[in-house]
Structures are given as C-alpha cells and as structure tokens.
Amino acid sequence: MTLISTTPMLEKAKQDMHGIVAFNVHSFDSIFWVLEAAAELKSPVILQTTVSTVKSLGTKNIVQIAKAASEHYHIPTGLHLDHCTDFEVIKEAIQAGYTSVMIDASMYPFEENVEKTKEVMNLAKSLGVNVEAELGKVGGVEDDIVVAEEDAQKAVPEECKQFVELTGVLTLAPAIGTAHGIYKGKPEIDFERIAQIAQLVDVPLVLHGGSAIPDEDVHRCVSLGMAKVNVSTELKNAYSEAIRKHFEDESESLDPRAYLQKAKEAAKEMAKSKIRMVGSEGKVVPSFV
Ligand code: 13P
C-alpha cells in the first residue's frame, strides 16, 4: 500500500454515503499516529498539510514519511496540499508525490478563480492527482489565510455548477456556513444550500472547518454529498492540551517519550472519534489495497 489518489476514495465514499476525514498534520510523528488510528478502525484516510507545514517540513520529506507510514499500516492514504494560493508550491507538491492539491483562489473574482483552477487542472489531471477548489469564502483562520466573519461568503449554487463545468475540477469546497477554528456559538450550516449545490454538481464536496461541529450536523452534510471532511483545530488542540496537562501535573518530567506518548494517545482518540463520525470505519475496500 502506498499513497493513492483521493479521486477514487472520495467518489466511492460519496456513492456509499460516508465521508473520509482529511486530517491536517503538522509534524512527522502526527503522520504515523493518524494512520495508526485509521488502521485500528480499518478506515481510508487523507493526510493534509498547509503551506506553512510544507515550508517547515519539506514536501519530499512529507511524501517519504507518508509513504512509509501508509505501507507500515497498510491503509489507503491520500496526501493532500491544503489551501494553497501559490502555483509553484502546488507544482512542487505534485512533483514530490502529493496525490491531491487544493488551489485556493476563492479570494479572487469568479473568472480568475476559474483561470487559476484550470491552470492547476492542466498540470494535475494527466498525473492522476486530484484537484480541489473553493467557491465562496470560508471564514476563520487557516495558516496565513484569514477571513473575518463579516467577509465570509457562502457559495452560490448556480456558480458552483458553472465552475465545475468550466474547470473540470474534481472536488469542490463550497462555503456553506462553517469556519476554520473553534466556533463561538453553534455553527449555522446552510443545509438547504448544500442540497442545492449537490443537485447541480456531480463531484464530491468538501466540508471545511470540520472541528467542533455537532456529529448530527456532520452526518447531515455527508448524507447530502460532502465526502471529504477537513479536521485540523480539534486534532491539534487534543495533542497540545495533553502536553500542557503533562507539565501542569508533572513539571519535572522532561522525557519527551513521556509527554509525547500522552499527546499521541489523546490525538489518536480524537482522530478515531472523527473517523467514526463520518462513517468510514471498516471501509477499506479490496480495490484500494
Ligand atoms: P478546522 O481547523 O476548523 O478543523 O478546519 C480545518 C480545515 O478546514 C482545513 O482546511
């Protein structure tokens, strides 16, 4: 088992009405414990890195580690570049072996978003690499991309249809009311809008801002066609909180193996709860292996 394109994974998930979690990983060890969690639940999974993570760890290193981990745990694994605005970084990731990339040109007018997405499609498609694009603007903070609450904009269903037709993009992330990070109140997800978009486009949809959304809301999103569910903040927080607690409880215990083990266990439990939430437990199918 090595890294596979997210295209068949997401199409199969959409057809079978379950989701696949795309976990943002921020370190090499997190690649291993996300896959360990997925392996324990026999679930396909997507690892994703933001541009800052790529810059701190290096695309080639990330690909090598992700390949080694997916072989070790024997789990169908996609490797995705999250929210990238820079064509050169996308090219580098594809050349290094990423199996999926997101061109985020949602901050530009529709026509420019179409052009930038087409440029990435031209590079990626013949190589079997999945391409994700965003329409509307997802609020909150993800890496260097900051969208204030008042600037968040929901995707227009008719534009989603046009966008997929014009670009041939393989996965679409429409803004539908979720935001990156932890919500102040209950997220106001526009289910009606998701249903309208799903009626007009065939490609799997992506739910950004998957942290801290009530399980029943995620189930509803998945049942409406959101096959990829992105989770970053809650995973990162579970890991870091466990380290904080370790030092609160045992401030003199400085062996990294002690606190990293606790962090890993906490993050793995969080990852497993998200995998169960999207219904992908036990969904490793023979055609993927
Ligand atoms: P959260 O940080 O809210 O989980 O969002 C993750 C995400 O959508 C990454 O693109």
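A short tour of the structure in this document, coming up. All of these numbers come straight from a predicted model, not from anything done at the bench. (Residues numbered from 1 in each chain as written. Predicted model: local features only at pLDDT ≥ 70, side-chain atom pairs only at ≥ 80, totals over all residues. Heavy atoms only, no water.)

Lining the immediate environment of the ligand, one finds 16 residues, of which Asp82, Gly209, Ser211, Ser232 and Thr233 sit closest. In the model, an oxygen atom of the ligand is placed 3.2 Å from a nitrogen or oxygen of the His180 side chain. Within the side chain of Ser211, a nitrogen or oxygen atom sits 2.6 Å from an oxygen atom of the ligand. If you list the elements that add at least two residues to the shell around the ligand, you get strand E3 (77-84), strand E9 (179-180) and strand E11 (226-231). A class-by-class count of the residues in the shell around the ligand yields 2 nonpolar, 12 polar and 2 charged. (Near = heavy atom within 4 Å. Polar contact = N/O pair within 3.5 Å; in protein donor to acceptor, adjacent residues only side chain to side chain. Helix = DSSP H or I, 4+ residues; strand = E, 2+ residues; numbered from the N terminus. Nonpolar A, V, L, I, M, F, W, Y, C, P; charged D, E, K, R; others polar.)

At their nearest, the axes of helix H2 (residues 28-40) and helix H4 (residues 59-73) sit 9 Å apart, and the two run at 25° to each other. In terms of orientation, H2 and H4 fall into the roughly parallel class. H2 and H4 meet at a crossing whose hand is right-handed. Seen from H2, the contacting residues are Phe28, Ile31, Phe32, Leu35, Glu36 and Ala39; seen from H4, they are Asn61, Ile62, Ile65, Ala66, Ala69, Ser70 and Tyr73. Taken together, the residues of the contact of H2 with H4 sort by class into 10 nonpolar, 2 polar and 1 charged. (Axes fitted to C-alpha atoms, helices over the stretch in contact; angles between N-to-C directions. Parallel < 35°, antiparallel > 145°, perpendicular 65-115°, else oblique. Left-handed = near helix turned anticlockwise from the far one by under 90°. Contact = heavy atoms within 4.5 Å.)

Taken together, 3 strands build an open sheet; the order of strands is E7-E6-E9 and the sheet is mixed. The open sheet has two edge strands, strand E7 (145-147) and E9, and neither has a second partner. Sheet topology note: the strand E6 (residues 139-142)/E9 ladder contains 2 bridges and is parallel. Residue pairing for E9: Gly140 is matched across the bridge by His180. (Pairing = 2+ DSSP bridges.)

Scanning the entire structure with this criterion turns up 4 aromatic pairs. Judged by centre distance (5.3 Å) and plane angle (25°), the ring pair of Trp33 and Tyr239 falls under stacked. One end of the pair, Trp33, is in helix H2; the other, Tyr239, is in helix H10 (residues 233-249), with 206 residues separating them in the sequence. When its relative accessible area of 5% is taken as the criterion, Trp33 is described as buried. Given the relative accessible area of 14%, Tyr239 is considered buried. Centroid distance Phe247 to Tyr259: 5.0 Å. Interplanar angle 55°. Geometry classified as tilted. Of the two residues, Phe247 sits in helix H10 while Tyr259 sits in helix H11 (residues 256-278), which places them 12 residues apart along the sequence. The class of Phe247 is partly exposed, set by a relative accessible area of 29%. Look at Tyr259 and you get buried, because its relative accessible area is 18%. Geometry around Tyr108 places Lys116 over its ring, the cationic atom sitting 4.7 Å from the centre. (Phe/Tyr/Trp six-rings, centres within 6.5 Å; stacked < 30°, edge-to-face > 60°. Buried < 20%, exposed > 50% of the residue type's maximum accessible area, 1.4 Å probe, protein only. Lys NZ or Arg CZ within 6 Å of the ring centre and 35° of its normal.)

Residue Lys42 is not a glycine yet carries a positive backbone phi of 50°. Looking at the element boundaries, Lys42 is found in the loop between H2 and strand E2 (45-49). One non-glycine residue, His74, lies in the positive phi region at around 55°. Structurally, the position occupied by His74 is in the loop between H4 and E3. The class of His74 is partly exposed, set by a relative accessible area of 42%.

Right, let's talk about the pairing of E11 for a bit. Of all 6 residues that make up E11, 6 are buried, and the element is covered over most of its length. When strand E1 (residues 20-24) meets E11, the two strands line up parallel, connected through 4 bridges. Paired with Ile20 across the bridge in E11 is Lys228. As paired elements, strand E10 (residues 205-207) and E11 share 3 bridges and run parallel to each other. Paired with Leu205 across the bridge in E11 is Met226.

Next up on the list: the packing of H10 against H11. Look at H10 against H11: their axes get within 8 Å of each other, and the N-to-C directions meet at 150°. Compared by their axis directions, H10 and H11 come out roughly antiparallel. In this structure, H10 crosses over H11, and the sense of that crossing is right-handed. For the pair H10 and H11, the contacting residues are Glu234, Leu235, Ala238, Tyr239, Ala242, Ile243, His246 and Phe247 in the first and Ala258, Tyr259, Leu260, Lys262, Ala263, Lys264, Ala266, Ala267, Met270, Ala271 and Lys274 in the second.

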